[in-house]
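Residues per chain are reported as follows:
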Amino acid sequence: MQGQGRNSANKKSKAERLLRKHNLKVTVPRLSVLSVISEKETATSQPDLEKILGKSVDRVTLYRVLNAFEEKGILHKIFDLHGTATYALCSDDCPEHIHSEEHVHFTCSKCNSVYCLDEVTLPAIKVPKGFQLDMVGINAVGVCAHCKSKIN
Ligand SMILES: [Zn+2]
Ligand SMILES: [Zn+2]
Ligand SMILES: [Zn+2]
């Protein structure tokens, strides 16, 4: 992976920067997983990732990569309507181990896609004394724009 101009590998360098920022070694499986997830508008499940990546990343590696990314605050996990875990990129400054995403997850009841809605602000959540709040998530269910346009 040497001698490639920065311009020709823009996407790659963004993924690389993310890995370096979180002190993760830059490896091909990590780069592949990151580039697939960052290209998609919706959260991606592990089975989908397996399908897209094919034989280039084996299951165990994929599982480890996803876990490491979640722990480092690169990806956050959202469960879709079938209870399948899907993964989406974290907002810029997720600290390690605690996800600070405070956004609504919109799940489409037609195509089961999960969208991160960053533009919706959530109310501040007060927790009882002695409680520690790690993450706030609100799940909304409805029909996404893609499916809606097919119906109309
Ligand atoms: Zn996060
Ligand atoms: Zn949909
Ligand atoms: Zn999200």
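What counts, and where the lines are drawn
- Residues numbered from 1 in each chain as written.
- Chains lettered and ligands numbered in written order.
- Predicted model: local features only at pLDDT ≥ 70, side-chain atom pairs only at ≥ 80, totals over all residues.
- Heavy atoms only, no water.
- Helix = DSSP H or I, 4+ residues; strand = E, 2+ residues; numbered from the N terminus.
- Buried < 20%, exposed > 50% of the residue type's maximum accessible area, 1.4 Å probe, protein only.
- Lys, Arg positive; Asp, Glu negative; His and termini not counted.
- Charge placed at Lys NZ, Arg CZ, Asp CG, Glu CD.
- Donors = N, O, S within 2.8 Å, 3.2 Å for Na, K, Ca; no water.
- Tetrahedral: all angles 85-135°; square planar, octahedral: opposite > 155°, others 65-115°.
- pLDDT = per-residue confidence, 0-100.
- Contact = heavy atoms within 4.5 Å.
- Axes fitted to C-alpha atoms, helices over the stretch in contact; angles between N-to-C directions.
- Parallel < 35°, antiparallel > 145°, perpendicular 65-115°, else oblique.
- Left-handed = near helix turned anticlockwise from the far one by under 90°.
- Nonpolar A, V, L, I, M, F, W, Y, C, P; charged D, E, K, R; others polar.
- Salt bridge = Lys/Arg side-chain N within 4 Å of Asp/Glu carboxyl O.

### Concerning the overall build of the chain
- Helix and strand content of the chain: five helices and six strands.
- N-terminal to C-terminal, the α/β element order of the chain is α-α-β-α-α-β-β-β-β-β-α.
- Overall size of the chain, expressed as C-alpha extent along the three principal axes, is 50 × 50 × 30 Å.
- The buried share of the chain, reckoned over its 152 residues, is 37%.
- On the chain, the mean spot of the 21 positive side-chain charges and the mean spot of the 17 negative ones are 4 Å from each other.

### So, the coordination of the zinc ion (ligand 3)
- Here the zinc ion (ligand 3) is held by His76 (NE2), His103 (NE2), His105 (NE2) and Cys116 (SG), and the distances to it run 2.0 to 2.2 Å.
- Classification of the site at the zinc ion (ligand 3) rests on its four donor atoms, whose angles at the metal span 98 to 113 degrees, yielding the label tetrahedral.
- In primary-sequence terms, the residues that donate to the zinc ion (ligand 3) follow H-x26-H-x1-H-x10-C. With histidine 76 in strand β2 (residues 75-79) and histidine 103 in the loop between β3 (85-89) and β4 (104-108), this residue pair connects regions lying 27 residues apart in the sequence.

### Quick notes on the confidence of the model for the chain
- For the chain, per-residue confidence averages 87 on the pLDDT scale, and 90% of positions sit at 70 or higher.
- For the stretch residues 1-8, pLDDT sits under 50, and the model shows six contacts to residues farther than four places along the chain or on other chains.

### A word on the coordination of the zinc ion (ligand 2)
- Donor atoms from the polypeptide that bind the zinc ion (ligand 2) are Cys108 (SG), Cys111 (SG), Cys144 (SG) and Cys147 (SG), placed at 2.3 Å.
- For the zinc ion (ligand 2), the four donor atoms are set out with angles of 106 to 116 degrees between them, so the coordination reads as tetrahedral.
- Of note, the zinc ion (ligand 2) draws all its donor residues from one chain, in the sequence arrangement C-x2-C-x32-C-x2-C. Remark: cysteine 147 occurs in helix α5 (residues 145-151) and cysteine 108 occurs in strand β4; sequence separation between them is 39 residues.
- Classification of cysteine 108 as buried rests on a relative accessible area of 0%.

### Concerning the packing of helix α3 (residues 46-53) against helix α4 (residues 59-72)
- The geometry of α3 relative to α4 is characterised by a closest axis approach of 11 Å and an angle of 125 degrees between their N-to-C directions. Taken together, the axes of α3 and α4 lie oblique to each other. For the pair α3 and α4, the crossing hand works out as right-handed. Residues Gln46, Leu49, Glu50 and Leu53 of α3 lie in contact with α4, whose contacting residues are Arg59, Leu62, Tyr63 and Leu66.
- For the contact of α3 with α4, the residue count by class is five nonpolar, one polar and two charged.

### Focus: the pattern of salt bridges
- Overall, the coordinates contain four salt bridges when judged by the stated rule.
- One salt bridge connects lysine 51 with aspartate 48, and the closest N-O pair in it is separated by 3.6 Å. Note that lysine 51 and aspartate 48 are positioned in helix α3 at a spacing of three residues, about one turn of the helix.
- Here lysine 51 falls in the exposed class, since its relative accessible area comes to 66%.
- For glutamate 50, the salt bridge is made with arginine 59, and the minimal N-O distance between the two is 3.1 Å.

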